[in-house]
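# Architecture and fold: a report
This is what each chain is made of:
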Amino acid sequence: MKAFSGFTMPLLLCLAFVLFYSGSGQVTQDAFNDVHYDASATTQCLAEPGITMYGGGIIVNPQFTYGTYGWTVSGQGEIAERVSRTNNGFMAAYNRKLPLDSFSQKVLLEKGKFYMFSAWVQVSEGSETVSAVFGTGGGEFVPGGSVVAEHGCWSLLKGGIAANSSGPVDLLFESKNTSKEIWVDNVSLQPFSKKQWRFHQDQSIEKVRKGKVRLQVTYPYSKAGVGGATVLIKQTKPDFAFGCGMNSHILKSTDYQNWFASRFKFTAFTNEMKWYSTEKKQGQENYTIADAMLKFAQDNKISIRGHTVFWDDPKYQTDWVKALSPKELQEAAERRINSIVSRYAGDVIAWDVVNENLHFSFLEDNLGKNASSIYFSKAYKLDPSARMFVNEFNTIEFGGDVKVSPWNLKKRLEGMLSYPGNEDIPAGIGVQGHFGPGQPNLAYMRSSLDILATTGAPIWLTEVSVEPGLYQAQYLEEVLREAYSHAAVEGIIIFAGPLPAGFSATALTDMNFNSTPAGDVVDKLIKEWKSDDLKARTDEGGFFGTSLLHGEYEITIINPITNSSSTSIFEVTKDSSKKIFHIQME
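My aim in this report is to walk through the structure given alongside it, one point at a time. Position numbers for residues start from 1 in each chain and track the written sequence from start to end. Local features in a predicted model are, by the rule used here, given only for residues with pLDDT of at least 70; side-chain atom pairs are given and counted only at 80 or more, and totals for whole chains, interfaces and linings are based on all residues. Side-chain calculation: all heavy atoms of the structure are included, whereas hydrogens and water are not.

## Side note on the environment of Thr230
The condition is simple: Only DSSP runs of H or I covering at least 4 residues are called helices, and only runs of E covering at least 2 are called strands; the numbering of each starts at the N terminus. Using a 1.4 Å probe on the protein chains alone, a residue whose accessible area is under 20% of its type maximum counts as buried, one over 50% counts as exposed, and one in between counts as partly exposed. Between two residues, a contact is recorded if the distance between any of their heavy atoms is within 4.5 Å. Polar contacts, as counted here, are pairs of nitrogen or oxygen atoms within 3.5 Å of one another; within protein the pair requires one atom able to donate a hydrogen and one able to accept it, and residues that are adjacent in sequence qualify only if both atoms are side-chain atoms.
Its place among the elements puts Thr230 in strand β14 (residues 230-238). Of the residues examined, Thr230 reaches a relative accessible area of 8% and is grouped as buried. Apart from the residues within four sequence positions on either side, Thr230 is in contact with Lys535, Ala536, Arg537, Thr556, Ile557 and Ile558. Only 3.1 Å separates the side chain of Thr230 from the side chain of Arg537, close enough to count as a polar contact.

In structure tokens, the structure reads:
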């Protein structure tokens, strides 16, 4: 081992380790004051492991440069340093007896902080799901993310946890198949304070939701600018889709109608388009309620997500559907998709084609493994104006549900699009976002969105809710801000609403339509995510510049001499900073 100033490197690492754990934590706080969030992610399997994010953060010996120093055996089995043919050192866990038998490092967490985790993993043969787990003592294990690792290349496991208490925890790795070795390299665990987290959110919002606008006011047939002209700018339509679920109570309550229409321009019907609602008895379709809700939305210029063509959960199939033979089910499903998608073609902006079909497989079990891919194709052919979505829960809110991990949801979408004829279908990813009453794991949520973003498909949070609790409003705001700040997210639908309409879990009003604390959060964000009216004057050259949220705007120019005015429309997009808007004065 190479010596440095009279000390071996392991001793220096040990001293750093002691400094981190001792005292008030001031060393740690100073060390991470200026850490910038690393949004990089890949779902490619690489010949060599990727970078060690944040230099390893608080992990000791993250690259295994010093063998197994800082790491211990977790459970049974053995651990050892291995060296690849390219002379890269990594850690291997072998002779494993139980899923959690691997290697471990004790780390100190601080209550209220978010911890971003990453590692590059591989297995000794085939492919296998490998998870990061944090043992808090007393047999409790908190999931931190998972990846399907393969032999022969390295995959990025990216996740994270939220610290609900301060103290030491054990970082370890899990794989159900104990016959396979777990190989790991370039491990990182990086803490962020809530202040840092919010700073990164705001920084991202400035970058991905706003555009720098520069305009010049001129007279007709002249390139000379009009100095001193008054400029009035009013946003008429935000670019970001922020909406709310809607149910049938809206048809019989003017209070509900007024409350909704004054706030939201995007919606999804909670149940009224679902198969069990439109065909309760075989062959007796009834779209009366859905049609009436559609008319209300259209009258108020509210865009609709079609939710949902099929729901793969067996529990939500009507008795008559469950009683059908496979041949009869195929015929009924054909009638269903032709009926609903044709009926609302051109009226919806998206379709959740097959809902929750990583958790459930009713159609696949009865109609074959390609059933969902086939219906993806059929829905698009019936309504090519809409975007086709996969839609799942637990993908961003809970790292322990490996069945619907970001990797597996990505793989599901890619599988549908690789089905013959589906390659060019405009697709999207819907993640529901049903959060419990505790502190949401924003670290896992953000890393999941980073991974899903590698598909290039737009992401929507389709059913956001937060269970009742002391901090429900605060946690709802944290989740919504996290989604809004991510570049890949194009829309949010909250499955919440007024208490009189039955939204008791995430109620936005009381029985008298007065806002609850959660409702106040929603109203605040609606206002915040729309540009305020602006009044300014052009400079001597007729120029004016500002930063505006993406969306459509009405601009009025008042002549400084005649006091006459002219009004026009312009749109701010991510490309707006590359051009000058030329506005002619009448």
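## Let's talk about the sheet that holds strand β13 (residues 210-218)
The strands making up a sheet associate through backbone hydrogen bonding, with each pair oriented either parallel or antiparallel. Test applied: Paired strands, in this sense, are two strands between which DSSP finds at least two bridges. Angles shown run from 0 to 180 degrees and are taken between the N-to-C directions of axes, each axis being a line fitted to C-alpha atoms and, for helices, limited to the stretch in contact.
The strand order across the open sheet built from three strands is β27-β13-β30, with neighbouring strands paired in mixed fashion. Each edge of the sheet is formed by a strand with only one pairing partner; in this case those strands are β27 (543-549) and β30 (581-584). On average, each strand axis in the sheet is tilted by 30° relative to the strand beside it, whichever way the strands run.

## What about the nonpolar core?
Note the cut-off: Among buried residues, the Ala, Val, Leu, Ile, Met, Phe, Trp, Tyr and Cys ones that are joined through side-chain atoms within 4.5 Å form a nonpolar core.
In terms of nonpolar packing, the biggest core is built from 114 residues, with Trp351, Ile492 and Ile494 touching the most fellow members. Those residues in contact with Ile494, other than ones at most four positions away along the chain, are Phe242, Gly243, Cys244, Gly245, Phe264, Val464, Leu480, Leu508 and Val522. By size, the runner-up hydrophobic cluster in this structure holds 32 residues, among which are Val107, Leu109, Leu171 and Ile451.

## Regarding the state of the cysteines
Definition in use: Cysteine sulfur atoms that come within 2.5 Å of each other are treated as a disulfide pair.
In this structure the tally under the stated criterion is one disulfide. Paired through a disulfide, Cys45 and Cys153 show a sulfur-sulfur distance of 1.8 Å. For the disulfide bridge between Cys45 and Cys153, the dihedral angle about the S-S bond is near 90°, and by the sign convention the bridge is right-handed. Taken together, the residues Cys45 in the loop between α2 (26-31) and β3 (72-74) and Cys153 in the loop between β9 (140-150) and β10 (155-162) connect sequence positions 108 residues apart. Exposure remark for Cys45: the relative accessible area of 27% places this residue in the partly exposed category.

## Remarks on the environment of Ile555
Its location among the elements puts Ile555 in strand β28 (residues 551-558). It is 7.4 Å that separates the C-alpha atoms of Ile555 and Phe570, two residues lying 15 residues apart in sequence. Discounting chain neighbours no more than four positions away, the residues touching Ile555 are Leu215, Val231, Leu232, Ile233, Ser566, Thr567, Ser568, Phe570 and Ile583.

## What to know about the packing of aromatic side chains
Using the following cut-off: Aromatic pairs are defined between Phe, Tyr and Trp rings, using the six-membered ring for Trp, whenever the two ring centres lie within 6.5 Å; interplanar angles under 30 degrees are classed as stacked, those over 60 as edge-to-face, and all others as tilted. Whether a charge sits over a ring comes down to the Lys NZ or Arg CZ being within 6 Å of the ring centre and within 35 degrees of the ring normal.
Applying the stated criterion to the full structure yields 33 aromatic pairs. With a centroid separation of 5.7 Å and 70° between ring planes, the pair formed by Phe192 and Trp197 is classed as edge-to-face. Taking the relative accessible area as the measure of exposure, Trp197 reaches 2% and is therefore buried. Each member of the aromatic cluster is reached from another via a ring pair, and the members are Phe240, Phe242, Tyr256, Trp259, Phe260, Phe264, Tyr484 and Trp529. Above the plane of the ring of Tyr484 lies Arg209, whose end atom (NZ or CZ) is 5.2 Å from the centre. Directly above the aromatic system of Tyr37 lies the positively charged group of Arg446, at a separation of 4.7 Å from the ring centroid.

## Some remarks on a negative patch on the surface
Going by this rule: To count toward a patch, a residue needs a relative accessible area over 30% and no salt bridge; like charges are then connected within 9 Å, while nonpolar side chains (Val, Leu, Ile, Met, Phe, Trp, Tyr) are connected within 5 Å. Each accessible area is a Shrake-Rupley estimate made with a 1.4 Å probe; only the visible protein chains count as cover when residues are assessed. A side-chain nitrogen of Lys or Arg and a carboxyl oxygen of Asp or Glu constitute a salt bridge if their distance falls within 4 Å. Charge convention: Lys and Arg are scored as positive, Asp and Glu as negative, and His as well as the terminal groups of each chain are ignored. By convention, charge coordinates are those of NZ in Lys, CZ in Arg, CG in Asp, or CD in Glu.
Taken together, Asp239, Glu490, Glu552 and Glu571 make up a surface patch of like negative charges. Take Glu571: it is sitting in strand β29 (residues 565-572). Owing to a relative accessible area of 41%, Glu571 belongs among the partly exposed residues under this scheme.

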